[in-house]
Amino acid sequence: MFSYLIILEKNVLVWDWGRRVLGAAAAVFALAGAARAEGWPERPVTIIVPSPAGDGSDIAARLIGEKLRIALGQGFVVENRPGAGGVIGSLATARSAPDGYTFIMANAGSHGINPATYVNIPYDAQADFTPISLIYRAPNIFIASPKLPVSSMKELVAYAKANPGKLSFASGGAGSSAHMSTEYLKVLTGIEATHVPYRGASPALNDIVSGQVEFMAVNLPPAIGLVKGGQVKPLAVTTLKRAPALPDLPTVDESGVKGFETVAWFGLLGPKGLPQPIVDKLHAEIAKACADKEVQEKLAVLGGETVCNSPAEFRSFLAADIARWKDVAAKASIKIEAQ
């Protein structure tokens, strides 16, 4: 801590050495940060995905990571760390060094819903992370097993009311956006159904296809192939607007559950304290990647939209999403204990 003395003679400031020293020190630190960013990355970068391979976060991380590898000349290695609704991967990122070599492709579950539902979450979804960019957002989609005698959201609600407590619904994990989408549906319609959580969307989808579980909400990316292949029944999408990839499929709101909307999203975050020059450099390359026609086409096929906003915009989006899910969690009386 520098101390300084301000000497006034006839209201004229003579010297303020402390301010000069502090200013010089700040300039040195800024130059050091810029130099660090100039050489970054000097080794492979890890993108943690808090869900299994094949989920929306995984798809987005691998697509963007490949473009960053080409642009920056170092590998961007995707590391899947599923479990506890995204808590495991998120905590690993929060505890990592803020040196630009560990990031997380966060999602609505890990950084929107968890802060709203977990009573003892071991990380702060806002304070413990540095936003880089919201990459992509998409609707969830409600689907049903081929064995369930329903073909629309209206028919599902009617069937559930006629058979109270007999239906089960899957999700990629307790507290995931898919899980909360169904809980929200239950609140608004009054239907009863038993939650069957899985470790990710892929195993849950397998049991929907086989008929072990009757229905579920799921991120559109891992489900769209099964929908188009006729292996599951599409019922409705969860956004207020229809998905471009499935333009004939109505929304839940259009299906009679007025006001229903939930959104899945995927965005890149680093640990707290990430140097601003690295943030700026990485964001600039992500913006270029998102402007790439190949990236846009591949993400569009998955049913959502490319966003790639600024770090400040992502920070505001994150705060708003947490507030929205807190409202849903309160209405659904959802509280989860972190294990």
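Remember, it's a predicted structure, so these values are computed and weren't measured experimentally. (Residues numbered from 1 in each chain as written. Predicted model: local features only at pLDDT ≥ 70, side-chain atom pairs only at ≥ 80, totals over all residues. Heavy atoms only, no water.)

## Overview of the environment of S177
Residue position: S177 is located in helix α6 (residues 177-189). Taking the C-alpha atoms as reference, S177 lies 8.5 Å from G112; in sequence the two are 65 residues apart. Once you skip the residues sitting within four places of it in the chain, S177 turns out to touch A108, G109, I113, N140, N219, A264 and W325. (Helix = DSSP H or I, 4+ residues; strand = E, 2+ residues; numbered from the N terminus. Contact = heavy atoms within 4.5 Å.)

## Observations concerning the confidence of the model for the protein
On average, residues of the protein score 87 in pLDDT, and 88% of them are at 70 or above. Of the regions scoring below 50 in pLDDT, residues 1-19 engages in 18 contacts with residues more than four places distant in sequence or in other chains. Scored below 50 in pLDDT, residues 21-33 shows three contacts in the model against residues more than four places distant or in partner chains. (pLDDT = per-residue confidence, 0-100.)

## Quick word on the packing of aromatic side chains
Counting across every chain of the model gives seven aromatic pairs. When the ring of Y136 is compared with that of F266, the centres are 5.8 Å apart and the planes differ by 15°; the resulting orientation is stacked. Taken as a pair, Y136 in strand β6 (residues 129-144) and F266 in strand β11 (residues 263-271) lie far apart in primary sequence, 130 residues in all. Residue Y136 is classed as buried on the basis of its relative accessible area of 1%. Ring pairs connect the aromatic residues F142, Y184 and F260, which therefore count as one cluster. Sitting above the plane of the Y101 ring, R43 keeps its charged end 3.7 Å from the centroid. Sitting above the plane of the W325 ring, R324 keeps its charged end 5.0 Å from the centroid. (Phe/Tyr/Trp six-rings, centres within 6.5 Å; stacked < 30°, edge-to-face > 60°. Buried < 20%, exposed > 50% of the residue type's maximum accessible area, 1.4 Å probe, protein only. Lys NZ or Arg CZ within 6 Å of the ring centre and 35° of its normal.)

## Here's the deal with the nonpolar core
Among the nonpolar cores identified, the biggest contains 49 residues, and F142, M153, L156, L185, F215, V252 and W265 are the most heavily contacted of them. Looking at this core, the element that brings in the most residues is helix α11 (residues 311-332), giving eight residues. Mapping this core onto the domain boundaries places at least three of its residues in each of domain 1 (43-138 + 264-332) and domain 2 (139-255). Ignoring sequence-local partners within four residues, the contact set of W265 consists of A106, N107, A108, H111, G112, L134, Y136, R137, F314, F317, L318 and D321. Among the nonpolar cores identified, the runner-up in size contains 32 residues, and M105, I132, F266 and L299 belong to it. (Core = buried A, V, L, I, M, F, W, Y, C linked by side-chain atoms within 4.5 Å. Domains from an automatic or database assignment.)

## Quick word on the environment of P82
Take P82: it is sitting in the loop between β4 (76-80) and α3 (87-94). A relative accessible area of 23% means that P82 is categorised as partly exposed. When the C-alpha positions of P82 and P50 are compared, they lie 4.6 Å apart, and in sequence the two are 32 residues distant. With sequence-adjacent residues up to four places away left out, P82 is seen in contact with V49, P50, S51, P52, I88 and R199.

## Some remarks on the state of the cysteines
As enumerated under the stated definition, the model contains one disulfide in all. Linked covalently through their sulfurs, C290 and C308 form a disulfide whose S-S length is 1.6 Å. On the criterion of sequence distance, the pair formed by C290 in helix α9 (residues 276-291) and C308 in the loop between β12 (305-306) and α11 is long-range, its members being 18 residues apart. The residues C290 and C308 share a single accessibility class, namely buried. (Disulfide = S-S within 2.5 Å.)

## A few points about unusual backbone geometry
A cis amide bond links W40 with the next residue in sequence, P41, at an omega value of -5°. Here P41 shows up in the loop between α1 (17-39) and β3 (45-49). Positive phi outside glycine occurs at C308, with the angle close to 50°. On the basis of relative accessible area, C308 is assigned to the buried category, the value being 14%.

## Topic: the pairing of β11
Burial within β11 is extensive, with nine of its nine residues counted as buried. Pairing geometry for strand β5 (residues 102-107) and β11, over four bridges, is antiparallel. Note on β11: the bridge partner recorded for I104 is L269. In this sheet, β11 lies alongside β6 in antiparallel orientation, the contact comprising nine bridges. Bridge pairing links R137 to W265 in β11. (Pairing = 2+ DSSP bridges.)

## Re the pattern of salt bridges
According to the stated counting rule, one finds 14 salt bridges in the structure shown. Taking the shortest distance from any N to any O, the salt bridge between K298 and E294 comes out at 3.0 Å. With a gap of four residues between them, K298 and E294 both fall in helix α10 (residues 293-301), about one helical turn apart. Of the residues examined, E294 reaches a relative accessible area of 35% and is grouped as partly exposed. Put simply, K331 and D327 hold a salt bridge, and the shortest N to O gap is 3.3 Å. A residue pair is termed a helical-turn pair when its members lie 3 or 4 positions apart in one helix, as K331 and D327 do in helix α11 at four residues. (Salt bridge = Lys/Arg side-chain N within 4 Å of Asp/Glu carboxyl O.)

## Side note on the side chain of D253
For D253, the position within the fold is in the loop between β10 (233-237) and β11. Put simply, D253 is tucked away with no salt bridge, and the nearest opposite charge, on K258, sits 4.1 Å away. A polar side-chain atom of D253 sits 2.7 Å from the main-chain amide nitrogen of G259. With residues up to four places along the chain from it excluded, the contact list for D253 reads L240, K258, G259 and F260. (Lys, Arg positive; Asp, Glu negative; His and termini not counted. Polar contact = N/O pair within 3.5 Å; in protein donor to acceptor, adjacent residues only side chain to side chain.)

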